[in-house]
Amino acid sequence: MKFILNKRIKYYTKETFKWIRLIAIALFIIGGIFLLKYQLVCEVYVAGESIGYVKDKKVLENQIQELYNKEGTDNIAYVDLPEAPEYKLAFVSKNKELNDTEVLAQIENSAKITYEYYAVTLNGKEQSVVASLEEAETIVAEMKKEYKDSVKFSIGINKVHSEDGEEYSPVAVAKAEKQVSKELQKMEGSSVNGVYLAQKPITGIITSRFGSMESIRSFPHNGLDIAAPYGTKIKSATEGKVSFSGWQGSYGNLVIVDCGNGVKIYYGHCSKLLVKVGTKVKAGDVLAQVGSTGNSNGNHLHFEIQINGVSVNPQNYIYK
């Protein structure tokens, strides 16, 4: 009985191994056929959405790292990817064309690239943009040296950023110097004793010029009369400090701005005064409103410039 049992065990063991070998051979054949038709790749996802397949995840990651390595070159300040790519293994047909280049292009398109440049400013306004801080500093130093005694100005450097590489067009130092110098020459031509008249106080018709003789007065006109509607805002032509704001004889309601360097500007015949003595103003700040107070025969601004107490023709500097 024991002999028969052992014989049966050997038989079934032999049969089991036989079937295991057959199954293994079958699986090997099936696997071989499968691998002949399919390939193992990485499916790439961004923000949960499949964007394609790549053969080698490591190659793609190296290419993405190269994108980050651009920081600090070609005026690129920062590179940010809103979503890091995710990967899943997948079998696809060997006939399917992998799109590594397209996948990388989609990732690059989703990247937020911030560019950095340097703008040279005059009195707070950007004049010219260059690629580096060193270039900007060279321009500032040259302009300060060339125009230090001719016109009062504030020149500086602003770091500017853009997510659009075409928003700013950096220029060579020579061209930037030419642009800034041109603006400084313009300022020089519109400056009184070194004080730049950057802003026309109002837009209107000049009804009486400097030095004219008219029946309304017994002496030559010491300013410009500029007609404008009642209540028109009167803006400061320069920066400075309000030294007078109130009623003064034939001027009516008057604002005087002390601009430094012996220069004072009078804004007369106002209907309403909007600044007080001691107020510091910049070019373009509203001082008052047009009216017809004092010795006046209609709504207008009396605009007068004095250098050390002597009136000069405003049209030598503004309203040319």
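Above this text is the structure in question.
What comes next is a walk through the structure.

**Looking at the packing of helix α4 (residues 133-147) against helix α5 (residues 173-189)**
Across the interface, α4 lies against α5 with an axial gap of 10 Å and an inter-helix angle of 35°. When the axes of α4 and α5 are compared, the crossing they make is right-handed. Here E135, T138, I139, E142, M143, E146 and Y147 of α4 lie close against α5, whose contacting residues are V173, A176, E177, V180, S181, L184, Q185 and E188. Residue composition of the contact of α4 with α5, by class: 7 nonpolar, 3 polar and 5 charged.

**Structural notes on the layout of surface pockets**
In this structure, the largest pocket encloses a volume near 490 Å³. Listed by contribution, the elements that provide at least two residues to the lining of the largest pocket are β6 (125-130), α5 and β9 (195-196). Examining the composition of the lining of the largest pocket, we find that 3 residues originate from one element, α5, more than from any other.

**Overview of the pattern of salt bridges**
The final tally for this structure, using the stated rule, is 1 salt bridge. Its salt-bridge partner being E163, residue K112 comes within 3.3 Å of it at the nearest N-O pair. With K112 in strand β5 (residues 112-122) and E163 in the loop between β7 (155-162) and α5, this pair connects stretches of sequence that are 51 residues apart. The partly exposed category is assigned to K112, whose relative accessible area is 40%.

**Concerning the packing of aromatic side chains**
Taken as a whole and assessed by the stated rule, the structure comprises 4 aromatic pairs. With a centroid separation of 5.5 Å and 40° between ring planes, the pair formed by Y251 and Y266 is classed as tilted. One end of the pair, Y251, is in the loop between β13 (240-247) and β14 (253-260); the other, Y266, is in strand β15 (residues 263-273), with 15 residues separating them in the sequence. In this structure Y266 comes out as buried when scored by relative accessible area, which is 10%. What links up through ring pairs into an aromatic cluster is the set Y267, F303 and Y319. Over the face of the ring belonging to Y45 we find K88, whose NZ or CZ atom lies 5.1 Å from the ring centre.

**Structural notes on unusual backbone geometry**
You will see that H269, though not glycine, has its phi angle at about 65°, which is positive. Structurally, H269 is set in strand β15. For H269, a relative accessible area of 5% translates into the label buried. Its identity is not glycine, yet Y319 carries a phi of approximately 55°, on the positive side. Looking at the element boundaries, Y319 is found in the segment after β19 (310-312).

**Examining the side chain of S128**
Among the structural elements, S128 can be located in strand β6. Here the side chain of S128 touches Q179 through a polar contact of 2.6 Å, side chain to side chain.

**Overview of the nonpolar core**
Counting 30 residues, the largest nonpolar core has I265, Y267, F303 and I305 as the members making the most contacts within it. At the level of elements, β11 (224-227), β14, β15, β17 (286-290) and β18 (300-307) are the ones that each hand at least two residues to this core. Core analysis: the second largest hydrophobic core is formed by 23 residues, L104, A111, Y117 and V129 among them.

**Re α5**
Helix length check: α5, at 17 residues, gives a terminal C-alpha distance of 24 Å against a target of 24 Å (1.5 Å per residue), a fit within 8%. For α5, the full list of buried residues reads A176, V180, S181, L184 and M187. Buried residues along α5 cover an arc of 130° about the axis, so they all sit on one side. Those residues of α5 that are exposed and aimed more than 90 degrees away from the buried face are A174, K178, K182 and K186.

**With respect to the pairing of β17**
The two faces of a sheet get side chains in turn, since along a regular strand they alternate between them. Examined bridge by bridge, strand β12 (residues 233-235) and β17 share 3 bridges and lie antiparallel to one another. Each residue of the ladder has a partner; that of I234, found in β17, is A288.

**Regarding the side chain of Q315**
Relative to the elements of secondary structure, Q315 occurs in the segment after β19. Reaching out from Q315, the side chain makes a polar contact with the side chain of R209 at a distance of 2.8 Å. In contact with Q315, not counting residues within four places along its chain, are I206, R209, L224 and K320.

**Quick look at the environment of G268**
One can find G268 in strand β15. Judged by relative accessible area, which is 0%, G268 ranks as buried. For the pair G268 and V290, spaced 22 residues apart in sequence, the C-alpha separation works out to 8.5 Å.

The rules behind the values
- Residues numbered from 1 in each chain as written.
- Predicted model: local features only at pLDDT ≥ 70, side-chain atom pairs only at ≥ 80, totals over all residues.
- Heavy atoms only, no water.
- Axes fitted to C-alpha atoms, helices over the stretch in contact; angles between N-to-C directions.
- Helix = DSSP H or I, 4+ residues; strand = E, 2+ residues; numbered from the N terminus.
- Left-handed = near helix turned anticlockwise from the far one by under 90°.
- Contact = heavy atoms within 4.5 Å.
- Nonpolar A, V, L, I, M, F, W, Y, C, P; charged D, E, K, R; others polar.
- 1 Å grid on protein atoms, 1.4 Å probe; cavity = no way out; pocket = protein on both sides within 12 Å on 5 of 7 lines; lining within 4 Å.
- Points joined across faces, edges and corners; volume = space filled by probe spheres on them.
- Salt bridge = Lys/Arg side-chain N within 4 Å of Asp/Glu carboxyl O.
- Buried < 20%, exposed > 50% of the residue type's maximum accessible area, 1.4 Å probe, protein only.
- Phe/Tyr/Trp six-rings, centres within 6.5 Å; stacked < 30°, edge-to-face > 60°.
- Lys NZ or Arg CZ within 6 Å of the ring centre and 35° of its normal.
- Polar contact = N/O pair within 3.5 Å; in protein donor to acceptor, adjacent residues only side chain to side chain.
- Core = buried A, V, L, I, M, F, W, Y, C linked by side-chain atoms within 4.5 Å.
- Expected span 1.5 Å × (residues − 1).
- Arc of directions from axis to C-beta.
- Pairing = 2+ DSSP bridges.

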